[in-house]
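# Results of the structural survey
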Amino acid sequence: MIKSGGTDYGMIYLTNLVNEFVGSLYFDDALQVPGTYGATGSGCTYTNDNRFAGAGVLNVVGGGDSWNNDADGDWSTSGNWLNNVIATGAYRTAYFTNNITADRYVNADYVNMSLGGLYFGSPANNWYVTNAIMNLVNYGIPTITVAANAATLSNAINSAQGLVKEGTGTLNISGVATCGVSASVRSGIMNISGAAALRAYPNTFALYVGDASGKTGTLNITDNVLLFSNNLHIASGGNSAGNMNVAGVSTVAVQNITLGGGTNSAAMLNVAGSSIVTGQTIIVGNNTNALATLNVSGSAVLTGSVITVANSARSTGTLNISNGTVNAFTLTLTGPLATNSTATLNLIGGTLNVGYGGYTSVGGGIVTNGPAGATNQVFLSGGALGPLTNYLNCPV
């Protein structure tokens, strides 16, 4: 922001050959449109000799473009935006933070549009965005922040750089969201519903739920197909908390699932309904003082080649099977280095199928390690414990 006092102006000196970039530019309290700024002779689009001096150029790539209307409306209508500046274009964040007296619906009336990110945070009521295919492009990973209440996106979202959900509010995604690299629910709640609502680019995609210190992230998946080729991390940050609920008819297929990967973290994965969750390795408690719980209920099916409960020193891991089916070639209670840890298996209902020797050079079944100070607890109060006979159902 360049402030002025009376008839005197704040000024930026841009020396010759300087080509600086900023996200947004304000003259006093007035947001300026994206473009190039400088003094006369700089070759820029917007010249202002009261604000700039020198032959250099200031590039304003986009910034705080704010909806300013307490009403429903079309995105393309300039009168809905502060200073008539419509939020469009890569690297620019659209803000929906004004006071609204009821839930508001914004019709993104484009076929395709680009943005750097979105920020929702009105003091009361909720936001709904519909229609356009929205391509998110930014210098870092594009972020959608819901600082308060809820925002619902029913339009398609493409973000090749990945996606971060921030803010303590709730983000509802009911359109198709395509992400590359990674997606992170850093804080607050993200709800994904509808067939194939979240798709991932292949090979390196990872999903994080709760990956920041002191924050809690929750991901709820209902009637949705998720296909990841890499890893799922729940509570991977130190002092973080992460919760993931998979319900309805959902499929989550990943290489590895880790609950409680951060020190002093708290992680929970609930697999319910008719969901199917598979992973090559599944770890419940994987760092010092991590508290991790995996619950399987309904008619859900959880399958892993190796499931380890409490894999790190002073970790606490619990596997609760109240209904549904859990398949594991090897179920390990306390990893070999998990000193002073606690692993608990509660088979209350449903079915637990484990492997047995002869399938590989290492026999399957339930393995209980005994590192110093470790506690292994197995409670069988119902359900069925049997052999895993169909190894094709167990990813290796």
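Residues numbered from 1 in each chain as written. Predicted model: local features only at pLDDT ≥ 70, side-chain atom pairs only at ≥ 80, totals over all residues. Heavy atoms only, no water.

### Observations regarding the pattern of salt bridges
In total, this model carries four salt bridges according to the counting rule given. Between Asp 65 and Arg 92 there is a salt bridge, and its shortest N-O distance comes to 2.8 Å. Here the residue Asp 65 occupies a position in strand E11 (residues 65-66), and Arg 92 occupies one in the loop between strand E12 (73-74) and strand E13 (93-96), the gap between them amounting to 27 residues. Across the pair, exposure class does not vary: Asp 65 and Arg 92 are buried alike. (Salt bridge = Lys/Arg side-chain N within 4 Å of Asp/Glu carboxyl O. Helix = DSSP H or I, 4+ residues; strand = E, 2+ residues; numbered from the N terminus. Buried < 20%, exposed > 50% of the residue type's maximum accessible area, 1.4 Å probe, protein only.)

### Digging into the packing of aromatic side chains
Applying the stated criterion across every chain, the model contains 13 aromatic pairs. Ring geometry for Trp 75 versus Phe 96: centroids 5.6 Å apart, planes at 65°, classification edge-to-face. Of the two residues, Trp 75 is situated in the loop between E12 and E13 and Phe 96 in strand E13; the sequence distance between them amounts to 21 residues. Each member of the pair, Trp 75 together with Phe 96, is buried. (Phe/Tyr/Trp six-rings, centres within 6.5 Å; stacked < 30°, edge-to-face > 60°.)

### Some thoughts on the pairing of strand E29 (residues 231-234)
Where burial is concerned, the two faces of E29 agree: the one with Asn 231 and His 233 and the one with Leu 232 and Ile 234 are both buried. Pairing of E29 with strand E32 (residues 256-259), which is carried by four bridges, proceeds in the parallel orientation. By the bridge assignment for E32, Ile 234 is matched with Leu 259. (Pairing = 2+ DSSP bridges.)

### Description of a nonpolar patch on the surface
Among the surface-exposed residues, Ile 366, Val 378, Leu 380 and Leu 385 lie close enough to one another that they form a single nonpolar patch of about 340 Å² accessible area. Locating Leu 380 in the fold gives a position in strand E42 (residues 375-380). (Patch = residues over 30% accessible without salt bridge, like charges linked within 9 Å, V, L, I, M, F, W, Y side chains within 5 Å. Areas by Shrake-Rupley, 256 points an atom, 1.4 Å probe, with all protein chains shown as cover.)

### Some remarks on the nonpolar core
Within soluble globular proteins, side chains that are nonpolar tend to cluster in buried spots. In terms of nonpolar packing, the biggest core is built from 73 residues, with Trp 75, Phe 96, Phe 120 and Met 244 touching the most fellow members. In terms of residue count, the dominant contributor to this core is strand E16 (residues 127-136) (five residues). The contacts of Met 244, once residues within four sequence positions are left out, are Leu 207, Val 209, Leu 219, Ile 221, Leu 232, Ile 234, Val 252, Met 268, Leu 269 and Asn 270. The next biggest cluster of nonpolar side chains, apart from the first, holds eight residues, and it includes Phe 27, Tyr 37, Ala 39 and Leu 58. (Core = buried A, V, L, I, M, F, W, Y, C linked by side-chain atoms within 4.5 Å. Contact = heavy atoms within 4.5 Å.)

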